[in-house]
Amino acid sequence: MSDRQLKGIGVSPGIGVGAAIVVRWTMPEVPHRVVPRSQVEKEVRRLRAAVKDVKRYLQDMRAKAEDRAGVDEARIFDAQILMLEDKEFLSGVADLIRENHLAAEKAYEFKALEVRDMWAATGSPRLKDRLADLSGVTVRVIEHLMHRGSDERWESITQPTVVVAKELSPGLTVQLDREHVVGLVSEEGTRTSHAAILAHSIGIPAVFGVAGAIERIEAGTMVVLDGTRGTVLLQPTPHEIADAQAQELRRRELASQLEEVVDQQSVTTDGLRIVLRGNVDLPDEIKAAQEHRAEGVGLLRTEFLITGHTALPSEDEQTAYFRRVAKAFPGHPVVVRTYDLGGDKLPAPFRAPSEVNPQLGWRAIRVCLDRPDIFRTQLRAALRAAKDGEIWLMIPLVTRLDELERTRALVAEEATKLAREGIAAATSLPVGVMVETPAAAVMADRLAAEADFLSVGTNDLTQYTLVVDRGNARLAERFTPHDPSVLRLLKMVADAARTAGKPASVCGEMASEPLSALLLIGLGYETLSVAPPALPLVKWTVRQVSAARARAAAEQALAARTAAEVLDLLRIALAEAVDLKLLDLDSRLPAARRAASLNV
Ligand code: PEP
Ligand code: MG
């Protein structure tokens, strides 16, 4: 099976079954042609006319993208249109024609190579998309000048087809007809490449980053492409095709159930209300959180305010951002997590000394307390935004009580100063602790007594409890938030918060996933903060299960010996409420129980 299966990144979900057509879309061979001196101006005119035609074509594609994919996606074409309009570039090409008597296509090719080399030397992180745009424009102009059309072949596709390419351009992707092109495979590209974004919006399943696809997939080969899992299966048997299609049907069924759930209450079958908030790392996630009806933001990461900038953000900038987020969720809290710098988060303007063990080093609240200049600015911004929005403050990587006490003291000092300065700001705001170290979990009773709320960061809590670097791929199998040791800590924190009468939530990644959501509810968490795209799935899960069953499962899980045992128990509990096949979890249900609990 494995020599028939290629692996890539699923960039647009869904299953496509069809015969492959392989596109070798490369820069055309441009002959070195010179023109007589008398023809030079004609050649320049030919260049201008070609650029004009290609621009018209791209504007058409832009309109098509707006129609098929949406206004934001259509902007993908702006970069190419701007490149075409670049006066300096065009006069550079015209100069090459005039000075060297080159044919327009050769001159265009030379100039594009020169620009490509110049850009490549800058090493900018956004280079890949810019280079792809440059190649896209160059190929189009040159093909036009050489009277070679590149798109006609698409019009003749009438059978279900999977397009296999080295790299897919947005211009090509937006034209594909979903009726007949049932999937896209590309060697290059990631989830964020332009063609991937368009394929997703248009709804064509796609797998990108498939190494060697062009060599390994022969034209005409039948292919089952799974854009959710990121796999491409060659020469599938009828049974494999039927399996894939059944899987796709179930996914669609789940998707339609998830759509319905958006406007429904987040409540278990036995009436326990579970509050679902969104984790927002970047401003563009606000929209997804709103659309999925997040009840506020349970974790507003603030590192992005520094990442990619040359200087630390000002108080005004931060105030504006916090206000903007608060305004997006009226009536709900927005939990601003103070800077979690250091460790794995090292934006350039924040110059941290290099350390042997950065994850155990100068990180998060430690940095903030040592650099009150940075910290006070952020606290003032939070206080100012809290004047008209429900802003809560949360401190990461707490290991000692005095970190909370010192933060509170700084908040109080800045509130007094703001009042003295006559600047509109709240006089105080709720201050909570992120429980993401074993020290904080063990001290949860004391922290809960002093903090206004607790929120468990299971990513770091797992890392520090199991002593497994969260970013180390070699240890990925050991990174198990379901380990019984982590579960015990989660239980201690939930109990401590309940005893102290303070709210507790979980904002680590595990909360975004159905089995863990069930476990966390069972352990006593009534607020979960999850990645915005996962909100419907978590709400759907909440609505299928009973809190009583979740509690029983959590109790069993606490008595389990290993993370694998915990997962088995959770699968069994969830299978009583939902068809695990819908969640693609059935194959991982323990075999003996699968038959019993799924009635198969
Ligand atoms: C966590 O550690 O679980 C968490 C939510 O914070 P981050 O992933 O930003 O470290
Ligand atoms: Mg963390």
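Thoughts on the sheet that holds strand S5 (residues 181-186)
- Taken in spatial order, the eight strands of this open sheet run S1-S8-S7-S3-S4-S5-S6-S2, and their pairing is mixed. The sheet terminates laterally at strand S1 (5-7) and strand S2 (9-12), the two strands that pair on one side only. Direction aside, the axes of adjacent strands within the sheet are offset by 30° on average.
- Examined bridge by bridge, strand S7 (residues 222-226) and strand S8 (residues 231-234) share four bridges and lie antiparallel to one another. Within S8, the residue paired with leucine 225 across the bridge is valine 232.
- On the sheet, helix H9 (residues 194-202) packs against S2, S5 and strand S6 (206-208) and is oriented at approximately 55° with respect to S2.
- Strand contacts of helix H11 (residues 238-261): strand S3 (15-23), S7 and S8, with the helix running at about 115° to S3, the strand carrying the most contacts.

So, the coordination of the magnesium ion (ligand 2)
- The magnesium ion (ligand 2) binds to the protein through Glu436 (OE) and Asp460 (OD), with metal-donor distances spanning 2.0 to 2.1 Å. In this pair, glutamate 436 is assigned in the loop between strand S13 (431-435) and helix H17 (438-442) and aspartate 460 in helix H19 (residues 458-466), connecting sequence segments 24 residues apart. Across this residue pair, the class does not change: glutamate 436 and aspartate 460 are buried.

With respect to the environment of threonine 192
- Take threonine 192: it is sitting in the loop between S5 and H9.
- Judged by relative accessible area, threonine 192 falls into the exposed class, the value being 57%.
- Residues threonine 192 and valine 11, spaced 181 residues apart in sequence, show a C-alpha to C-alpha distance of 8.2 Å.

Side note on the packing of aromatic side chains
- Taken as a whole, this structure holds four aromatic pairs when the rule is applied.
- With a centroid separation of 5.2 Å and an interplanar angle of 65°, the aromatic rings of phenylalanine 89 and tyrosine 108 are classed as edge-to-face. With phenylalanine 89 in helix H4 (residues 87-100) and tyrosine 108 in helix H5 (residues 104-122), the pair connects residues that are 19 residues apart, well separated along the chain. The pair formed by phenylalanine 89 and tyrosine 108 is uniform in burial state, with each residue classed as buried.

A few points about the sheet that holds S13
- The eight strands are arranged S9-S10-S11-S12-S13-S14-S15-S16 in a closed barrel whose pairing can be described as parallel. For this sheet, the mean inter-axis angle between neighbouring strands, taken without regard to orientation, is 30°.
- As defined by bridge partners, strand S14 (residues 453-456) adjoins strand S15 (residues 504-506) across three bridges and the pair is classed as parallel. When the sheet's bridge partners are listed, valine 456 is paired in S15 with valine 506.
- Sheet contacts for helix H20 (residues 484-500): S13, S14 and S15; angle to S14, the most-contacted strand, approximately 165°.

Remarks on the side chain of threonine 221
- Within the secondary structure, threonine 221 is located in the loop between helix H10 (213-216) and S7.
- Sequence-distant contacts of threonine 221, defined by excluding residues within four places in its chain, comprise Gly18, Ala19, Ala20, Leu234 and Gln235.

Observations regarding the packing of helix H1 (residues 40-68) against helix H3 (residues 78-85)
- Interaxial distance between H1 and H3 falls to 10 Å at its minimum, and their mutual angle equals 165°. The orientation of H1 relative to H3 falls into the category roughly antiparallel. With respect to the hand of their crossing, H1 and H3 are arranged in left-handed fashion. Every residue of H3 that contacts H1 at Val51, Val54, Lys55, Leu58, Gln59 and Arg62 is listed here: Asp78, Gln80, Ile81, Leu84 and Glu85.
- Residue composition of the contact of H1 with H3, grouped by class: five nonpolar, two polar and four charged.

So, the domain arrangement of the chain
- According to the domain assignment, the chain contains domain 1 (5-25 + 152-256), domain 2 (37-145) and domain 3 (262-598).
- On a C-alpha basis, the centres of domain 1 and domain 2 stand 28 Å from each other.
- Between domain 1 and domain 2, the contact holds 18 residues from the first and 16 residues from the second.
- Interface area, domain 1 with domain 2, both sides summed: about 1,400 Å², of which 60% is carbon and sulfur.
- Counting across the interface, domain 1 meets domain 2 through zero salt bridges.
- Scanning the region where domain 1 abuts domain 2 turns up zero residue pairs in polar contact (both at pLDDT 80 or more).
- Elements that contribute at least two residues to the side of domain 1 that touches domain 2 include exactly helix H8 (170-175) and H9.

A short note on the packing of helix H21 (residues 514-523) against helix H23 (residues 547-558)
- For the pair H21 and H23, interaxial distance at closest approach is 7 Å and the crossing angle is 90°. With respect to H23, the axis of H21 lies roughly perpendicular. Between H21 and H23, the residues in contact are Leu518, Leu519, Ile521, Gly522 and Leu523 and Ala550, Arg551, Ala554, Ala557 and Leu558, respectively.

A closer look at the nonpolar core
- Judged by nonpolar contacts, the single largest core of 106 residues is most densely connected at Phe322, Ile391, Leu454, Leu490, Tyr525 and Leu528.
- Residue contributions to this core peak at eight residues, all from H20.
- If you look at the next biggest cluster of nonpolar residues, it comprises 58 residues, including Val35, Met61, Ala74 and Leu84.

With respect to the pairing of strand S9 (residues 275-280)
- When you tally the buried positions in S9, you get five out of six residues, the bulk of the element.
- In terms of strand pairing, S9 meets strand S16 (residues 527-530) through four bridges, oriented parallel. Bridge pairing links leucine 276 to leucine 528 in S16.
- As paired strands, S9 and strand S10 (residues 297-300) are joined by three bridges and run parallel to one another. When the bridges of S10 are listed, glycine 278 appears paired with valine 297.
- At this point the chain moves from S9, through helix H12 (residues 285-291), to the parallel S10, and the crossover so formed is right-handed.

Criteria and cut-off values
- Residues numbered from 1 in each chain as written.
- Chains lettered and ligands numbered in written order.
- Predicted model: local features only at pLDDT ≥ 70, side-chain atom pairs only at ≥ 80, totals over all residues.
- Heavy atoms only, no water.
- Pairing = 2+ DSSP bridges.
- Helix = DSSP H or I, 4+ residues; strand = E, 2+ residues; numbered from the N terminus.
- Axes fitted to C-alpha atoms, helices over the stretch in contact; angles between N-to-C directions.
- Contact = heavy atoms within 4.5 Å.
- Donors = N, O, S within 2.8 Å, 3.2 Å for Na, K, Ca; no water.
- Buried < 20%, exposed > 50% of the residue type's maximum accessible area, 1.4 Å probe, protein only.
- Phe/Tyr/Trp six-rings, centres within 6.5 Å; stacked < 30°, edge-to-face > 60°.
- Parallel < 35°, antiparallel > 145°, perpendicular 65-115°, else oblique.
- Left-handed = near helix turned anticlockwise from the far one by under 90°.
- Nonpolar A, V, L, I, M, F, W, Y, C, P; charged D, E, K, R; others polar.
- Domains from an automatic or database assignment.
- Buried area = accessible area lost by both parts, 1.4 Å probe.
- Salt bridge = Lys/Arg side-chain N within 4 Å of Asp/Glu carboxyl O.
- Polar contact = N/O pair within 3.5 Å; in protein donor to acceptor, adjacent residues only side chain to side chain.
- Core = buried A, V, L, I, M, F, W, Y, C linked by side-chain atoms within 4.5 Å.
- Right-handed = clockwise from strand over helix to strand, strands pointing away.

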